[in-house]
Amino acid sequence: MSNRIQTKKEKYSKRMEYMAEHPKVALLIHRINRIITYVVFGVYPLLLLWLLSNRDSALADAIIIPLDAFLILTVFRYLVNRKRPYETYGVGPAIPKSTKGKSFPSRHVFSAFMIAMTYLFFFPYSWCGSCLLILGVILAILRVVSGVHHVSDVIVGAVWGILAGVLYFII
């Protein structure tokens, strides 16, 4: 095993060992991860309902564009089928997760950033869009700290969400 991989394994193992020794910290990370996920995915239908109630013709775009980007990402992720950290290093994650492969890129993080970009398209400079971006960053950190994604998984997920939002909505 190369030194780089060994170092990553040691860092990951120490982080998961810390979580095992401090179950309240692991539980807090798990709960914050869930809350952010529910908030982000909960506000998206609110945007769609707002567009519907205002009979905004862009409602279809607000549905089709994120869905299209999500499906492309999902197919890419399926083809790459990268192992998750807990598979790679043989140490369980801090939050309950048993999925095999499909780690790269992170769909949670992608979705958070894609939803934020959708909000920012309809409401530029809005506090909601900005808050969603911040929640996306926190979610990315939690997904890595909890051991369910590699750093590159969440970075690519975030970049993919931002680029998809910019390319689809602006172009």
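Here the structure is shown first, and the text comes after it.
The text that follows walks through the structure, step by step, so that each part is easy to find. Just so you know, these numbers come straight off a predicted model, no measurement behind them.

The rules behind these values
- Residue numbering note: each chain is counted from 1, following its sequence as written.
- Per-residue local features are limited, in this predicted model, to residues with pLDDT of at least 70; the limit for side-chain atom pairs, both in listing and counting, is 80 or more; totals at the level of whole chains, interfaces and linings are taken over all residues.
- To get the side-chain values, take all heavy atoms of the structure and skip hydrogens and water.
- Elements are defined by DSSP. Helices are runs of H or I of four residues or more, strands are runs of E of two residues or more, and each kind is numbered from the N terminus.
- The atom set for the radius of gyration is the C-alpha atoms, and the globule formula is 2.2 Å times the number of residues raised to the power 0.38.
- We call a residue buried when its accessible area falls under 20% of the maximum for its residue type, exposed when it is over 50%, and partly exposed in between, using a 1.4 Å probe and counting protein chains only.
- Contact definition: two residues touch when any of their heavy atoms are within 4.5 Å.
- Like charges within 9 Å and nonpolar side chains (Val, Leu, Ile, Met, Phe, Trp, Tyr) within 5 Å are joined into patches, using only residues over 30% in relative accessible area that form no salt bridge.
- Computed with a 1.4 Å probe, the accessible areas rest on the Shrake-Rupley method; for each residue, only the protein chains presented here act as cover.
- A carboxyl oxygen of Asp or Glu within 4 Å of a side-chain nitrogen of Lys or Arg is what we treat as a salt bridge.
- The aromatic pairing rule takes the rings of Phe, Tyr and Trp, using the six-membered ring of Trp, and pairs them if the centres are within 6.5 Å, calling planes under 30 degrees apart stacked, those over 60 edge-to-face and the rest tilted.

A closer look at the overall build of the protein
Then, in step 1: Tallying secondary structure elements over the protein gives seven helices and zero strands in all.
Then, in step 2: Its helices and strands taken in sequence order, the protein reads α-α-α-α-α-α-α from the N to the C terminus.
Then, in step 3: Computed over the C-alpha atoms, the radius of gyration of the protein is 17 Å, within 12% of the 16 Å expected from 2.2 N^0.38 for a compact globule of 171 residues.
Then, in step 4: Looking at the 171 residues of the protein, the share that counts as buried comes to 41%.
Then, in step 5: Put simply, of all contacts in the protein between residues at least 6 apart along the chain, 75% involve residues at least 24 apart.

A look at a nonpolar patch on the surface
Then, in step 1: On the surface, a nonpolar cluster with roughly 830 Å² of combined accessible area is contributed by Val151, Ile155, Val159, Ile162, Leu163, Val166, Leu167, Ile170 and Ile171.
Then, in step 2: Along the chain, the position of Val159 falls in helix α7 (residues 151–170).

Things to note about the packing of aromatic side chains
Then, in step 1: The full count for this structure, using the stated rule, is seven aromatic pairs.
Then, in step 2: Ring plane angle 40 degrees and centroid distance 5.3 Å describe the contact between Tyr12 and Tyr89, whose orientation is recorded as tilted. Here Tyr89 lies in helix α4 (residues 85–89) and Tyr12 lies in helix α1 (residues 3–21), a separation of 77 residues in the sequence. The burial state of Tyr12 is the same as that of Tyr89; both residues are buried.
Then, in step 3: Note on Tyr119 and Phe123: the rings are 6.4 Å apart at their centroids and 35 degrees apart in plane angle, and the pair reads as tilted.
Then, in step 4: Since its relative accessible area comes to 7%, Tyr119 is described here as buried.
Then, in step 5: Joined through ring pairs, the aromatic side chains of Trp50, Tyr119 and Phe123 make up one cluster.

Points about the environment of Glu21
Then, in step 1: With respect to the secondary-structure elements, Glu21 resides in helix α1.
Then, in step 2: When its relative accessible area of 52% is taken as the criterion, Glu21 is described as exposed.
Then, in step 3: Residues Glu21 and Arg77, 56 residues apart in the sequence, show an inter-C-alpha distance of 33 Å.

Thoughts on unusual backbone geometry
Among all residues save glycine, negative phi is the norm, and among peptide bonds the norm is trans.
Then, in step 1: Cis geometry marks the peptide bond from Phe104 to Pro105, where omega comes out at -10 degrees.
Then, in step 2: Tracing the chain through its elements places Pro105 in the loop between α4 and α5 (107–122).
Then, in step 3: Look at Arg55: it is not a glycine, yet its phi comes out positive at around 50 degrees.
Then, in step 4: Its place among the elements puts Arg55 in the loop between α2 (23–53) and α3 (59–80).
Then, in step 5: Using a relative accessible area of 77% as the deciding quantity, one classes Arg55 as exposed.
Then, in step 6: Even without glycine at this site, Tyr125 takes up a positive phi of about 65 degrees.
Then, in step 7: Along the chain, Tyr125 turns up in the loop between α5 and α6 (127–145).

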